[in-house]
Amino acid sequence: MTAKPTPLTNHPTGVALLRDPALNRSTAFTEAEREKFGLVGLLPDRVEDEEVRLQRVLVQLDYKPTDLERYIFLSSLRDNDETLYFKALMSDPARFLPLVYTPTVGEACQKFDQILRRPAGVYLSITRKGQLRDLLRNWPHKDVRFIVVTDGERILGLGDLGINGMGIPIGKLALYTACAGVPPKVTLPITLDVGTNNEALIKHPLYLGLRQPRITGAEYDEFIDEFIMAVQDVFPRACIQFEDFALPHAAPILARYRDKVCCFNDDIQGTAAVALAGLIAASKIVDGALKDQRFLFLGAGTAATGIAALLAKALEQDGLSAAEAKRRCWLFDIGGLIQSKREGLTLFQQPFAHEHAPLDNFTAAIEVLKPTAIIGVSGVGKAFDRTVIETMAKLNERPIIFPYSNPTSHSECTAEEAYRWTDGRAVFASGSPFQPVYLGDKTFLPSQGNNVYIFPAVGMAIYATEAARVTDEMFIVAARALAEQVTPAQIATGLIYPPQSMILDVSLNVARAVARYIFDHGLAGVPTPDDLAAYMAEKVYRPAYRPLA
Ligand SMILES: O=C([O-])CC(=O)C(=O)O
Ligand SMILES: [Mg+2]
């Protein structure tokens, strides 16, 4: 049981109380509270319970003509009454997640400077180099545990959105709370402004960021370094989640800091873990184990090498030798098959460059390598064409087909194509959402493998254990725990991930598994509790109003 929170003293009263989103409960203030805090007359007399107030939220959402308008409304609700906002999100995640997160958050970022109402989080401009500690100290909360930070250079699949990318840290952190119960008070969204190469933004009269091309090179690196060190000084217990940095920065930043501070990259590690979970669940469907599969990636960038690296580690845990685990993973990109004679391979591609004759046709690569799974991380829409999919169907009774590129227009194939061209035999998951597919008398429910299944849960585990570092093994534990929660009945309908409606329970189960791992491996910053489940339950934020004295 969660301990009853102690009533807060020294809080604002009157209008100031109604203007404080963390404390405001508007028409839910009781008669006695209204008397005590000087609210009588400032509210309509009727006292309402939360259910009625939630109903008003739904009514107002229905009035809005577009999802962007719903996003704006929900942001305002958060500015007004944070508890009711999270109550709404947590009451129906399958409905609210697409409004506060992908896909709507993409459009919200594109227009962030136009729809801005009350700025949230912290903006750190490179013009303030040398002062970042002071800027962070302006944030009112001292016990920050989670920072999601972006420099806006690669927002989802939308490219460089400059500081309009702030929608992403805000949205991701809302999911820490709504999907895994991390208290909102300990979260801090940050955007780094190093300029933008988006000409349209630079010219737009409402753009709020620096109107200059992006700073790169040593000056950029020094700025990132100052940021990381400033966070260590001002918020020493904070974990930093890097989000939507462009590929040339994402991997080096992670490599530079992962062993020095508590941090991870969601697009590399979170996405890899959700893909790994999907592959483990898919292996169950094809009646084998993960270690019985062969994987061919289309794409050889950060996403591909990130997934392959995590997958190879998981295969090793399952008993394959390090060399054999790597040999199960092949990469194919615009230059053809990645093989040992290819020149100019990156450090991350090299482990998967096996001995093989050059091949420049993806279907030919499938014919020769006979993968049981193809994973699309190429960003090339429709790259899994009919020939590719039919070849997979010819070689496999249940071909695993995972087009993971975002957004929908970049997906390597649609769900319908995958099911139709395999006569319904495909085991399918995608990065972008697809509607159910009807073939004959069968209904297929395509799964969306979004990192929302991973980062809030890993975050909750880190929050609860106060781990000082985030390791790849934690992500493997998270992936396995996630895959375990897809029930046989769900698997029978083709689901690879649990439904989003269950995300809180699912994330808390994943968080417990990761926390167990952290405690068992001596990585926690707090003593191991006697009863882990009770300890974790105690940490979970519930959207209830804080009592006021
Ligand atoms: O935000 C999402 O939906 C997934 C993600 O991290 C990205 O595409 O960058
Ligand atoms: Mg991202």
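Rules used in this analysis
Residues numbered from 1 in each chain as written. Chains lettered and ligands numbered in written order. Predicted model: local features only at pLDDT ≥ 70, side-chain atom pairs only at ≥ 80, totals over all residues. Heavy atoms only, no water. Near = heavy atom within 4 Å. Polar contact = N/O pair within 3.5 Å; in protein donor to acceptor, adjacent residues only side chain to side chain. Areas by Shrake-Rupley, 256 points an atom, 1.4 Å probe, with all protein chains shown as cover. Nonpolar A, V, L, I, M, F, W, Y, C, P; charged D, E, K, R; others polar. Domains from an automatic or database assignment. Buried < 20%, exposed > 50% of the residue type's maximum accessible area, 1.4 Å probe, protein only. Helix = DSSP H or I, 4+ residues; strand = E, 2+ residues; numbered from the N terminus. Pairing = 2+ DSSP bridges. Donors = N, O, S within 2.8 Å, 3.2 Å for Na, K, Ca; no water. Phe/Tyr/Trp six-rings, centres within 6.5 Å; stacked < 30°, edge-to-face > 60°. Lys NZ or Arg CZ within 6 Å of the ring centre and 35° of its normal. Axes fitted to C-alpha atoms, helices over the stretch in contact; angles between N-to-C directions. Parallel < 35°, antiparallel > 145°, perpendicular 65-115°, else oblique. Left-handed = near helix turned anticlockwise from the far one by under 90°. Contact = heavy atoms within 4.5 Å. Salt bridge = Lys/Arg side-chain N within 4 Å of Asp/Glu carboxyl O.

Q: Break down the site of ligand 1 for me, with residues and values.
A: Close to ligand 1 lie Y101, T102, R154, L156, K172, E243, D244, D266, D267, N406, N450 and N451, which account for all nearby residues. In the environment of ligand 1, an oxygen atom lies 3.3 Å from a nitrogen or oxygen atom belonging to the side chain of Y101. Separating an oxygen atom of ligand 1 from a side-chain N or O atom of R154 is a distance of 2.4 Å. Notes on ligand 1: free accessible area 260 Å², of which the protein chains cover 92%. Grouping the amino acids of the shell around ligand 1 by side-chain chemistry returns 2 nonpolar, 4 polar and 6 charged.

Q: Provide a residue-level description of the domain arrangement of the protein, including the pertinent values.
A: Here the protein is partitioned into domain 1 (1-48), domain 2 (100-261) and domain 3 (269-452). The gap between the C-alpha centroids of domain 1 and domain 2 is 33 Å.

Q: Explain the pairing of strand β7 (residues 329-333) to me, using residue names and the numbers behind them.
A: Most of β7 is tucked away: 5 of the 5 residues are buried. Across the two faces of β7 the burial is the same, with C329, L331 and D333 and W330 and F332 all buried. Of the strand pairs in this sheet, β7 and strand β8 (residues 336-337) are connected by 2 bridges, and their pairing is antiparallel. Note on β8: the bridge partner recorded for D333 is G336.

Q: I'd like to hear about the coordination of the magnesium ion (ligand 2), residue by residue, with values.
A: With distances of 2.0 to 2.1 Å, the protein atoms coordinating the magnesium ion (ligand 2) are E243 (OE), D244 (OD) and D267 (OD). Written as a sequence motif, the donor residues of the magnesium ion (ligand 2) are E-D-x22-D. Taking relative accessible area as the criterion, D244 reaches 1% and is therefore assigned buried.

Q: Give me the lowdown on the packing of aromatic side chains, citing residues and values where you can.
A: Summed over all chains, the structure comprises 15 aromatic pairs. On the basis of an interplanar angle of 25° and a centroid distance of 4.4 Å, the ring pair of Y419 and F444 is categorised as stacked. Placement of the pair is Y419 in helix α19 (residues 415-420) and F444 in strand β13 (residues 442-444), with a sequence separation of 25 residues. An identical accessibility class is assigned to Y419 and F444; each is buried. A ring pair is formed by F428 and F434, whose centres lie 6.2 Å apart and whose planes are at 65°; its orientation type is edge-to-face. When its relative accessible area of 0% is taken as the criterion, F428 is described as buried. For F434, a relative accessible area of 17% gives the class buried. One aromatic cluster is present, built from ring pairs that chain together Y101, F146, Y176 and F455. Above the face of the F96 ring, R95 is positioned so that its terminal group lies 5.9 Å from the ring centre.

Q: Which residues make up unusual backbone geometry, and what values go with them?
A: A negative phi holds for most residues other than glycine; trans holds for most peptide bonds. A cis amide bond, omega 5°, links T102 with the succeeding residue P103. Here P103 lies in the loop between α6 (93-100) and α7 (104-110). Although it is not a glycine, L156 sits at a positive phi angle of roughly 45°. In this structure, L156 sits in the loop between β2 (146-150) and α10 (167-180).

Q: Could you give an account of the sheet that holds strand β1 (residues 122-125), naming the residues involved and the relevant values?
A: Pairing in this open sheet of 5 strands is parallel, and the strands run β1-β3-β2-β4-β5 from one edge to the other. A strand with exactly one partner marks an edge of an open sheet, and here the two such strands are β1 and β5 (263-265). Ignoring strand direction, the axes of neighbouring strands in this sheet form an average angle of 20°. Inspection of the sheet shows β1 paired to strand β3 (residues 187-193) by 4 bridges, in the parallel sense.

Q: Can you break down the packing of helix α3 (residues 50-63) against α6 residue by residue, with the values?
A: Interaxial distance between α3 and α6 falls to 14 Å at its minimum, and their mutual angle equals 50°. Here α3 lies oblique to α6, going by the angle between them. As α3 runs across α6, the sense of the crossing is left-handed. Contacts from L58, L61 and D62 of α3 reach α6 at R95, F96 and L99. Class assignment for the residues of the contact of α3 with α6 results in 4 nonpolar, no polar and 2 charged.

Q: Before we move on, could you go through the pattern of salt bridges and cite the residues and values that matter?
A: Throughout the structure, instances matching the rule amount to 35 salt bridges. When the shortest N-O distance is used, the salt bridge between K87 and E50 registers 3.5 Å. Placement of the pair is K87 in helix α5 (residues 82-91) and E50 in helix α3, with a sequence separation of 37 residues. By relative accessible area, which is 22% here, E50 ends up partly exposed. Across the pair R145 and E466 runs a salt bridge whose closest N-O atoms are separated by 3.6 Å. You can see R145 sitting in the loop between α9 (132-137) and β2 and its partner E466 sitting in the loop between α20 (455-465) and α21 (472-484), a full 321 residues away along the chain. The exposure class assigned to E466 is partly exposed, which follows from its relative accessible area of 22%. One continuous salt-bridge network, built from bridges that share partners, spans D143, R145, R237 and E466.

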